[in-house]
Amino acid sequence: MTYSRLFCNASLIRQNLRQHGWIGILYTLVLLCLIPLQMFTYSDLTGERVQISSLLNLGADIAPVIMAFPAIAGLFLSRYLQARMASDLMHSLPLRRSHLLSSHMLSGLLLLLPPIWITGAITALVQPLSGNMYIYHISYVWDWCLILTVLNLFLFVFTMFVGICTGQTILQGVAVFILLLLPSALLEFINVHLNRYLYGYLNGSGLPSLSNKAWSPILRMMDMSYTIFSYKELWVYGLLTAVFLALCFVLYPKRHSEKAGHAVAFTYFDPLFKAGVMLCSMLVALAYIGGDKQGAGWIIGSVLAGGLIGYLAAEMVLRKSWHILTRRLPLEFALYSALLGLLLYVPVSGLTGYENRVPAGDKVAAVFAGGNYEQLTQPQGDENSKVLVDDIRSKDPKYIEAVTALHRAVVTARPEQQRNVWDDSYSSRVRFVLSYQLKNGRTLQRMYLVPRAGFEPELKAVMEHADYKRERYQTYRMKENVESIWLGNLNKAVTISDPQEVQEFKDILTREILNMSYEDQFSDQRARAAIRVRLKPDQYGNSVNYSYDWFPSYQELGAWLEQKGYAAKIKITAADVVSAEMFRDIHHSELPSGMRYDPETRMNLARNESRLVEITDKTLINGILEHRRNFTREEGKVVVRMKYKEGTINFISLEEQEMSPALKALLP
């Protein structure tokens, strides 16, 4: 048997290694500099060896290197497909297409894999040397080699697959990185589209549960220094490699040599290419234009404009010319626009029944309602802050009925969901994420901004339920291993660390929170002190704090703090105040719209209109401190600018019925 009849041709492989061997040599040198050499050149100020948990977070980010070299190898090894003369020469050899492809594939593996294994072997050999400034387990070397091997295989095979489907090297390189980014970008654009036009859509709820970043190989690799690839992910990439390798062997024999120089080598991919470019362009235009102008004209116009730009761009790429005007172009554009327009419209229309779907109470197994769903279920910098979704859902039938009643009222009335920067500050609306666990095993999630006006009975039934307050204020944290309680107000603070007192404080605070009424939760009552519950350090020495407030409505807690003498240590009195200036907050319309919410500007307006009075009497100042409320910017409120000795300046509001006659008499 001659070499030409083997599945891999040795002569062709030797020629590839002679021609492109510099890729493997350069790759080896780069990896050696990034890993073993780094171990002996690194030194921190203490000169001590550093314990690491993975070789992937060692020194400089290795992700760009991993992405660049397999792509470069794929581009060079498939270069003959994109050049007419090279293509004719290579295909004139007495070799089958499958032999050609397998020889180039094996050449690429010989360029890419030995550098990884050589670097891994050297890294394992230098592990016990005293000059090595890093401490790591030998199994980390195996993990590093395995991850890089799988990723290199995937990127190289994918680049070869794109090379078979395209006829230009530059387009091949661009397409490789665009396609590797496309899944995440497309999911994000679709998410924005649904979030904007689908009533009640919870951001990300209709998409796969994995984060969008995980769907893009490029973004995932950029993140691998922080989140190591799991074996499950490696299996997925291995499976994808096998799929693209199989597609290479299926498509390559069908590729015509004359397609060298064409943008797309297979004409039946042209409609898919045009539709894909148009869809992305439409979604970008909708996100950019449709967001500011919600009218139907703007939305349709942005879709058409985006589609036209995408269609023209796709045609120019396919024809390699900007002379693309033909008689069939308008008709084809109209057909594509109509189909893609339907694809965008149907999911956000009423045809799916998504917006009006409210589960019956007897179909719901458990439910969550509250505005802090993402905070509870997603890590916020500290993994300890994440809880399982099942743990925060309530199975109480009464609570389920209250939540479904609120849901039905919202979808019936369909209150405006336009966001306002002041909504969160002034509680005119309540953000509710509704997360149902249905008895059939499915989940249903919605998000609404529910206005207080018109929904008081439904809101009250939900917000006064203990299960709502338990999750909204995270009272379950009180059951954890608390080390101490810290209370602070300006520069005054006190710490409770006696176990008996800590337990009493937790019990009282839990009762106070669970006893809060609907009115208390919307009240503008100003906290008397900040409470910080500090948990005992975990096995790694990390400690977590949870914050609460001491509100005036917490009468039992206030009495307990008074009895223990802690209240006196953190109470702010007139002795802590430098100045108190009072005015009635009116005439907002006289201010420029951009300055209307600035309290200093409002106070200057009152000063200019001789409506500002300075309070110097300590008794009156103590009365102000006793009845102070949050500054709400409401027209007609009595506002006081307080300046404290420790430098803080606060604007607070007063209720007129709580003001003493002497204080009222000072108002101009």
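Here we summarise the structure given alongside this text. Nothing here was measured: the structure is a model prediction, and the numbers come from that model.

Turning to the nonpolar core, a few remarks are in order. In this structure, Ile62, Trp144 and Leu148 are the most contacted members of the largest nonpolar core, which totals 65 residues. Of all the secondary-structure elements, those providing two or more residues to this core are α1 (10-34), α3 (63-77), α4 (79-82), α6 (97-125), α7 (138-165), α8 (169-197), α9 (217-222) and α10 (231-251). With 17 residues, the single largest contributor to this core is α7. Among the nonpolar cores identified, the runner-up in size contains 29 residues, and Leu487, Phe505, Ile531 and Trp560 belong to it.

Within strand β14 (residues 649-654), five of the six residues are buried, which leaves the element mostly enclosed by the surrounding structure. By the bridge criterion, two bridges tie strand β12 (residues 629-630) to β14 in an arrangement that is antiparallel. If you follow Asn630 over to β14, its bridge partner there is Ile652. Of the strand pairs in this sheet, strand β13 (residues 638-644) and β14 are connected by six bridges, and their pairing is antiparallel. Looking across to β14, one finds that Val640 is bridged to Ile652.

Let's shift gears to the packing of α3 against α7. Taken N-terminus to C-terminus, the directions of α3 and α7 make an angle of 35 degrees; their axes are 8 Å apart at the nearest point. Considering the relative orientation of α3 and α7, their crossing is right-handed. Judged by residue contacts, Ile66, Met67, Pro70, Ala71, Ala73, Gly74, Leu75 and Leu77 of α3 engage Leu148, Leu151, Asn152, Leu155, Phe156, Thr159 and Met160 from α7. A breakdown of the residues in the contact of α3 with α7 according to their chemical character gives twelve nonpolar, three polar and no charged.

This part takes up the packing of aromatic side chains. In the structure shown here, the tally under the stated rule is 22 aromatic pairs. Centre to centre, the rings of Phe158 and Phe161 are 6.4 Å apart; their planes meet at 35 degrees, and the pair counts as tilted. Remark: Phe161 and Phe158 occur in helix α7; sequence separation between them is three residues, near one turn of the helix. Between Phe505 and Trp560 the ring centres are 5.9 Å apart and the planes differ by 70 degrees, which places this aromatic pair in the edge-to-face class. Highlighted residues: Phe505 in helix α20 (residues 499-514) and Trp560 in helix α22 (residues 555-564), separated in sequence by 55 residues. Neither residue differs from the other here; Phe505 and Trp560 are each classed as buried. Through successive ring pairs, a cluster of aromatic residues spans Phe154, Phe158, Phe161, Phe229, Tyr237 and Phe244.

Bringing the pattern of salt bridges into the picture now. Scanning all chains against the criterion turns up 21 salt bridges. Among the ionic pairs, Glu401 bridges to Arg408, the shortest N-O distance being 3.3 Å. Taken together, the salt bridges that share partners define one network made up of Asp524, Arg629, Lys637, Glu655 and Glu658.

Next up on the list: a nonpolar patch on the surface. Together, Leu342, Tyr345, Val346 and Leu351 line one region of the surface with nonpolar side chains, adding up to about 420 Å² of accessible area. Within the element layout of this structure, Leu351 appears in the loop between α13 (328-348) and β3 (364-370). Residue Leu351 is classed as exposed on the basis of its relative accessible area, which comes to 67%.

Another point: the state of the cysteines. Summed over the entire model, instances satisfying the criterion amount to zero disulfides. Cys33 provides the cysteine sulfur closest to Cys145, a residue in no disulfide bond, and the two sulfurs are 17 Å apart. Left without a disulfide partner, Cys280 is nearest to the cysteine sulfur of Cys165, which lies 17 Å away.

Read from one edge of the open sheet, five strands run β11-β10-β13-β14-β12, paired in antiparallel fashion. Looking at the sheet topology across the chains shown, the edges are occupied by β11 (613-615) and β12. Where helix α24 (residues 599-608) meets the sheet, its contacts fall on β10 (577-584), β13 and β14, and the angle it forms with β10 comes to roughly 70 degrees. Those strands touched by helix α25 (residues 618-626) are β10, β11, β13 and β14, and its axis lies near 110 degrees from that of β13.

If you trace the backbone, Ser349 turns up in the loop between α13 and β3. Residue Ser349 is classed as buried on the basis of its relative accessible area of 3%. Within the structure, Ser349 has its side chain in polar contact with the backbone oxygen of Val346 (distance 2.8 Å).

Bringing α1 into the picture now. The principal kink in α1, of about 65 degrees, is found at His20. Those residues of α1 that fall on the buried side of the exposure criterion are Leu12, Ile13, Asn16, His20, Gly21, Ile23, Gly24, Tyr27, Thr28, Leu31 and Leu34. Buried residues belonging to α1 abut α2 (36-41), α3, α5 (84-91), α6 and α7.

Negative phi characterises most residues that are not glycine, and trans characterises most peptide bonds. Non-glycine residue Arg414 carries a positive phi angle of around 45 degrees. Structurally, Arg414 can be placed in the loop between α16 (397-413) and α17 (423-426). The backbone phi angle of Gln474 is positive, close to 50 degrees, even though this residue is not glycine. The residue Gln474 is located in the loop between α19 (466-472) and β6 (482-489) in this model.

Now for the sheet that holds strand β5 (residues 443-451). Within a sheet, each strand pairs with its neighbour through backbone hydrogen bonds, oriented either parallel or antiparallel. As summarised here, the arrangement of the three strands in space is β3-β4-β5, forming an open sheet in which the pairing is antiparallel. Only two strands of the sheet have a single partner each, and these edge strands are β3 and β5. Strand-to-strand twist across the sheet, computed as the mean angle between neighbouring axes with direction ignored, equals 15 degrees. The pairing of strand β4 (residues 429-438) with β5 spans nine bridges and is antiparallel. Bridge pairing in β5 places Val433 opposite Met447. Packing against the sheet, helix α18 (residues 456-463) makes contact with β3, β4 and β5, and its axis sits at approximately 60 degrees to β4.

Parameters at a glance
- Residues numbered from 1 in each chain as written.
- Predicted model: local features only at pLDDT ≥ 70, side-chain atom pairs only at ≥ 80, totals over all residues.
- Heavy atoms only, no water.
- Core = buried A, V, L, I, M, F, W, Y, C linked by side-chain atoms within 4.5 Å.
- Buried < 20%, exposed > 50% of the residue type's maximum accessible area, 1.4 Å probe, protein only.
- Helix = DSSP H or I, 4+ residues; strand = E, 2+ residues; numbered from the N terminus.
- Pairing = 2+ DSSP bridges.
- Axes fitted to C-alpha atoms, helices over the stretch in contact; angles between N-to-C directions.
- Left-handed = near helix turned anticlockwise from the far one by under 90°.
- Contact = heavy atoms within 4.5 Å.
- Nonpolar A, V, L, I, M, F, W, Y, C, P; charged D, E, K, R; others polar.
- Phe/Tyr/Trp six-rings, centres within 6.5 Å; stacked < 30°, edge-to-face > 60°.
- Salt bridge = Lys/Arg side-chain N within 4 Å of Asp/Glu carboxyl O.
- Patch = residues over 30% accessible without salt bridge, like charges linked within 9 Å, V, L, I, M, F, W, Y side chains within 5 Å.
- Areas by Shrake-Rupley, 256 points an atom, 1.4 Å probe, with all protein chains shown as cover.
- Disulfide = S-S within 2.5 Å.
- Polar contact = N/O pair within 3.5 Å; in protein donor to acceptor, adjacent residues only side chain to side chain.
- Bend = angle between axes of the 7 residues up to and from the residue.

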